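Spelled out, the chains give:
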Amino acid sequence: MKLCLPRRPGLDVVAPAGVGRWWREEAAVVGQVDAVSRLDPLPIAIQAAIALVGVLAVLVASSPATVRDVRGAICVPRTGREHLARSRARPGRPAPGTGVQRPCPPAGPRPRVEVIRSDAGRPGAMGAVNFTDQDAAGRARAASGPLTRAVLAALPAPSIFNTQPWRWRVYDDQAELWADRSRQLATVDPDGRMLTLSCGIALHHAVTALAAAGQTAGIDRLPDPDRPDLLARLWITGRHRPEPADVRRYQAMLIRRTDRRPFPDLPVSAAGMDALCEAAEQGGAHLHVLHPDQVVELTVAAGRAAEAELADPEYRAELATWTHRPATAGDGIPPATTAPPARRPVPLREFTPDGPAPDTDGDRSARYALLFTDVDTPTTWLTAGEALSAVLLAAVAADLSVSPMSDVVEVPASRHLLSGILAGIGHPLIALRIGVAEPTRGLPPVPRRPAESVIEIEGGERR
Ligand SMILES: Cc1cc2nc3c(=O)[nH]c(=O)nc-3n(C[C@H](O)[C@H](O)[C@H](O)COP(=O)(O)O)c2cc1C
């Protein structure tokens with residue numbers, strides 16, 4: 001099967017042997033090959049035309065009635081305030097992060113670019129921007145640039161409870177990734193490990209989109225000690241000719257899903273597991289594949305975690321909040337996508353704990369692995385997120401499905417058990433359930449927040 005990328009002269013991508021059956025089927029269904037071509041860097045003439053349209057938009061839209069500041073709505077959504085209030089009100093429990101309520105990024109000039117149409121739920125789709133202020137030409141440049149396209153492409157990144165706890169600020173010369181503490185899970189994730197891990201995935205998704213578009217990227221992680229919520233700065237360092245693997249990773253981003261259905265009773269190949277381990281190493285973390293006797297310890301850890309969390313009314317309240325989100329929120333976990341009841345070697349998080357009892361067996365051929373780092377700091381949490389993204393994308397290419405299991409690290413006693421499995425050589429950040437993938441197109445969709453809630457276009461030079 002030969003996949004051709006239209007409108008990119010000289011680049012024909014031949015799906016190589018590593019790309020499996022499931023990937024090919026899904027690719028054909030969603031037609032995302034064409035979406036990749038949308039990431040092409042625009043020729044200068046087109047960029048100039050877009051900038052001109054921006055200037056014209058200013059002239060047309062110079063009536064004060066058309067000026068709308070969108071940042072206020074972005075900074076602290078109401079749900080986030082509720083989470084922070086709940087965590088602060090709880091004696092003995094540290095507030096998210098370091099115990100201090102973290103502000104949104106410091107107020108700079110108010111952005112007056114409004115994303116008026118976004119298809120974030122449709123992978124690879126772009127938003128449309130409306131320019132309503134005096135600096136519209138500059139913002140048009142940033143909005144039409146590769147960095148904006150890359151952060152748009154990162155909107156479908158997976159996250160804990162699908163909270164999507166990140167915000168992007170895009171300038172002409174760089175994009176900033178910020179932790180959105182208002183979306184931190186106060187009970188499940190008081191230290192922000194899972195939040196930072198999720199943001200690392202978004203960062204890797206953006207870099208992957210740049211790579212597929214022929215851009216090499218520089219990353220500065222946790223660049224400002226005074227602003228720990230500024231997780232990364234991302235900029236373009238040059239051009240390269242995209243390899244088929246770059247495009248494959250991008251395409252994997254478009255079709256990857258968390259599939260909680262029991263895995264089919266098919267063995268996971270050693271080559272597939274090796275590919276995941278290599279992806280983790282290249283991403284800056286490690287993957288330890290559990291031996292059968294260690295799976296028993298994981299089972300114990302999962303059981304203890306479930307018991308402790310489900311006995312906590314605040315955990316149950318947080319779970320209920322994020323599995324029953326309003327349709328307009330664009331986040332959370334729809335109950336239809338949660339794990340169907342099944343007797344499994346390692347129980348999955350019960351998103352609907354009072355649901356029916358299991359009546360089938362599943363996951364008998366599943367493999368389990370721990371993603372871990374050498375040290376346990378916010379920087380390594382971020383790097384581990386990037387590595388996790390690399391693992392998830394490598395799995396798609398290997399016809400494997402990976403579903404994250406973070407409950408086993410959320411409860412200290414369970415995390416301690418997993419540290420024992422690693423014999424002290426590292427810090428476990430998340431467990432992964434791995435199986436042979438089945439087509440995911442029958443799965444109900446999982447929502448994503450609209451681009452205008454996640455991305456601020458600032459324009460101008462940052463450095
Ligand atoms: C850091 C992290 C932790 C997660 N923990 C769990 C978990 O414990 N159980 C689970 O079923 N899914 C878990 N997930 C999967 C998310 O719920 C899922 O990515 C999100 O709902 C979006 O769905 P999608 O991956 O299909 O796009 C986790 C994902 C991330 C990134």
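Refer to the structure printed above.
Residues numbered from 1 in each chain as written. Predicted model: local features only at pLDDT ≥ 70, side-chain atom pairs only at ≥ 80, totals over all residues.

Draft legend 1. Focus on the overall build of the chain. In terms of regular secondary structure, the chain is built from 16 helices and 13 strands. Across the 463 residues in the chain, those meeting the buried criterion constitute 48%. Partitioning the intrachain contacts of the chain with sequence separation of at least 6 by distance along the chain shows that 78% fall at a separation of at least 24. (Helix = DSSP H or I, 4+ residues; strand = E, 2+ residues; numbered from the N terminus. Buried ≥ 20, exposed ≤ 12 C-beta atoms within 10 Å, placed from the backbone. Contact = placed C-beta atoms within 7 Å.)

Draft legend 2. The pairing of strand β6 (residues 175-179), seen in detail. Burial runs high along β6: five of the five residues are buried. Hairpin connection of strand β5 (residues 166-170) to β6: four residues between the antiparallel strands. Pairing geometry for β6 and strand β8 (residues 230-239), over four bridges, is antiparallel. The partner of Ala-175 across the bridge, within β8, is Leu-234. (Pairing = 2+ DSSP bridges.)

Draft legend 3. Seen up close, the site of the ligand. Looking at the ligand, there are 22 residues lining it, with Pro-158, Asn-162, Thr-258, Pro-404 and Ser-406 nearest. Those elements that provide at least two residues to the shell around the ligand are α8 (193-212) and β11 (400-405). Among the elements that line the shell around the ligand, the one with the most residues is α8, at four residues. For the shell around the ligand, the per-class residue count stands at twelve nonpolar, six polar and four charged. Counting the residues that make up the shell around the ligand, at least three belong to each of domain 1 (2-70 + 110-255 + 452-457) and domain 2 (270-436). (Near = placed C-beta within 6 Å. Nonpolar A, V, L, I, M, F, W, Y, C, P; charged D, E, K, R; others polar. Domains from an automatic or database assignment.)

Draft legend 4. Broad picture of the sheet that holds strand β9 (residues 286-289). With respect to topology, four strands assemble into an open sheet ordered β9-β10-β12-β11, the strand pairing being antiparallel. A single partner strand is all that each edge strand has here, and the edge strands are β9 and β11. For this sheet, the mean angle separating the axes of adjacent strands, direction not counted, is 30°. Sheet topology places strand β10 (residues 367-373) next to strand β12 (residues 427-436); seven bridges connect them, and they run antiparallel. Bridging across to β12, Arg-367 finds its partner in Ile-434. Contacting β9, β10, β11 and β12, helix α10 (residues 270-282) crosses the sheet at an angle of about 150° to β9. Packing of helix α15 (residues 412-421) onto the sheet brings it into contact with β10 and β12, and relative to β12 it is tilted by some 80°. (Axes fitted to C-alpha atoms, helices over the stretch in contact; angles between N-to-C directions.)

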